[in-house]
Amino acid sequence: MSKAPVKLGVNRLAFGCSSLMGGISRRQSLKLLECAYDSGVRHFDVARSYGYGEAESVLGDFLQSKRDRVSVTTKVGIDPFIASSSYYRAARHLLRPLVRRFPGLSRGVRRVAAAPVRRVPLTPKVLTDSLHLSLKKLRVEKVDLLLLHECDLLAASSEELIARLDALVMAGDIGSYGVGASVLTTRSLISGKAAYPVFQFENNPIAKTGDIVTHARAIGSTAITHRSVGLILENCSKRLKDKNVRSHWSNILDFDAGDSCELARMFVRYSLTRNMFGPVIFSTRNEERIRSNCETSTSPLSEKMMKSLETMCELLSNTGD
């Protein structure tokens, strides 16, 4: 396994393209990408399965005028269930006016109408074919980073797969490669000193994976973290609507915990503090949230603040407050 150098966008924050297309139009998806770019984002993370299989082509449109100024990650291992794509396009067309009229339904509708995906066997041929399809959809000759998407330990340990990844680096099809997997799988790979150049995994005040970041750096790998905000913000915000809960945590944290934009920024800062040397990915369909997240200070939070955020998130995600 070669340690292919990782060259990604210089901004610490990256935009996750899982928010594209599913429930919103192509035009709206492009606006999100432009907003992220205008806000300073220079790395974009996509996958074959995102946006009902359409996110890569939308990102490809966006890249045509900016390819030399941004870096791109795509993934192999999970495909959209193409057989149902026409059904889901029709369903989205019918549901979109309802979501616009009742914004609160948006997340629920997305869950109900989420297109199914299928895992594919990670063999050298599947990997190569999937990458070439991604390059075609993205309309680029090379991606900066290719990740094995939610792979297991067996696939990540395959010498044939690793040899093919090295060959793709040598051929100039990818800049580097890595594993995007569960916390458990990532922890097992790193503890076994599997020297992938990049590990991408979840990090937030619930996951608390700062130790994986440290161990990845110790073996010379780059850590990219994701799921900084998303569901954790949704869960906390619901509980913080209670004025007593909001007052309690606002006093402890020394900011208005009921302000969802401020809380999202603090979660982003949490992830930036835990991952001091690698990109932190966030994903949203809200342009204001994109701008707000990108205005987040990169100065590290104190350990006391980090612990307070962890405690609050653990309690508000359960039954206590």
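Bear in mind the structure is a predicted one, so any value in this text is a computation, not a measurement.

Asker: What am I meant to see in unusual backbone geometry here?
Answerer: Positive phi outside glycine occurs at Lys208, with the angle close to 50°. A positive phi angle, near 65°, is found at Asp254, a position not held by glycine. Judged by relative accessible area, Asp254 falls into the exposed class, the value being 71%.

Asker: Before we go on, may I ask you to explain the side chain of Thr225 in this structure?
Answerer: Mapped onto the elements of the fold, Thr225 is located in strand E9 (residues 222-226). Look at Thr225 and you get buried, because its relative accessible area is 0%. Discounting residues that sit within four places of it in the chain, Thr225 has contacts with Phe201, Asn203, Val213, Asn275, Pro279, Val280 and Ile281.

Asker: Looking at this model, I keep getting lost on the nonpolar core. Mind explaining?
Answerer: Side chains of a nonpolar character, in soluble globular proteins, are inclined to be buried together. Among the nonpolar cores identified, the biggest contains 84 residues, and Phe15, Phe44, Leu59, Leu148, Tyr196, Phe267 and Met312 are the most heavily contacted of them. The next biggest cluster of nonpolar side chains, apart from the first, holds 7 residues, and it includes Leu8, Leu145, Val198 and Ile224.

Asker: Explain the layout of surface pockets to me, please; I cannot follow it from the model alone.
Answerer: Left-over empty space is what a probe sized like a water molecule reveals as it rolls over the atoms. The volume enclosed by the second largest pocket comes to roughly 220 Å³. Residue contributions to the lining of the second largest pocket peak at 4 residues, all from helix H9 (residues 210-218). Per-class residue counts for the lining of the second largest pocket are 4 nonpolar, 7 polar and 2 charged.

Asker: Got a minute to help me understand helix H11 (residues 243-253) in this structure?
Answerer: Each turn of an α-helix holds 3.6 residues, which means side chains three or four residues apart point in the same direction. By the burial criterion, the buried members of H11 are Val245, Trp249, Ser250 and Leu253. In an axial view of H11, the angular spread of the buried residues amounts to 125°, which keeps them on one side of the axis. Seen from the open side of H11, the exposed residues pointing more than 90 degrees away from its buried face are Lys243, Asn244 and Asn251. Structurally, H11 contributes buried residues whose contacts are with helix H10 (230-239) and helix H14 (303-316). The N-cap residue of H11 is Asp242: its side-chain oxygen and the backbone nitrogen of Asn244 are 2.8 Å apart. Downstream of H11 by a residue or two, Asp254 has a phi angle that is positive, lying close to 65°.

The rules behind each value
- Residues numbered from 1 in each chain as written.
- Predicted model: local features only at pLDDT ≥ 70, side-chain atom pairs only at ≥ 80, totals over all residues.
- Heavy atoms only, no water.
- Buried < 20%, exposed > 50% of the residue type's maximum accessible area, 1.4 Å probe, protein only.
- Helix = DSSP H or I, 4+ residues; strand = E, 2+ residues; numbered from the N terminus.
- Contact = heavy atoms within 4.5 Å.
- Core = buried A, V, L, I, M, F, W, Y, C linked by side-chain atoms within 4.5 Å.
- 1 Å grid on protein atoms, 1.4 Å probe; cavity = no way out; pocket = protein on both sides within 12 Å on 5 of 7 lines; lining within 4 Å.
- Points joined across faces, edges and corners; volume = space filled by probe spheres on them.
- Nonpolar A, V, L, I, M, F, W, Y, C, P; charged D, E, K, R; others polar.
- Arc of directions from axis to C-beta.
- Polar contact = N/O pair within 3.5 Å; in protein donor to acceptor, adjacent residues only side chain to side chain.

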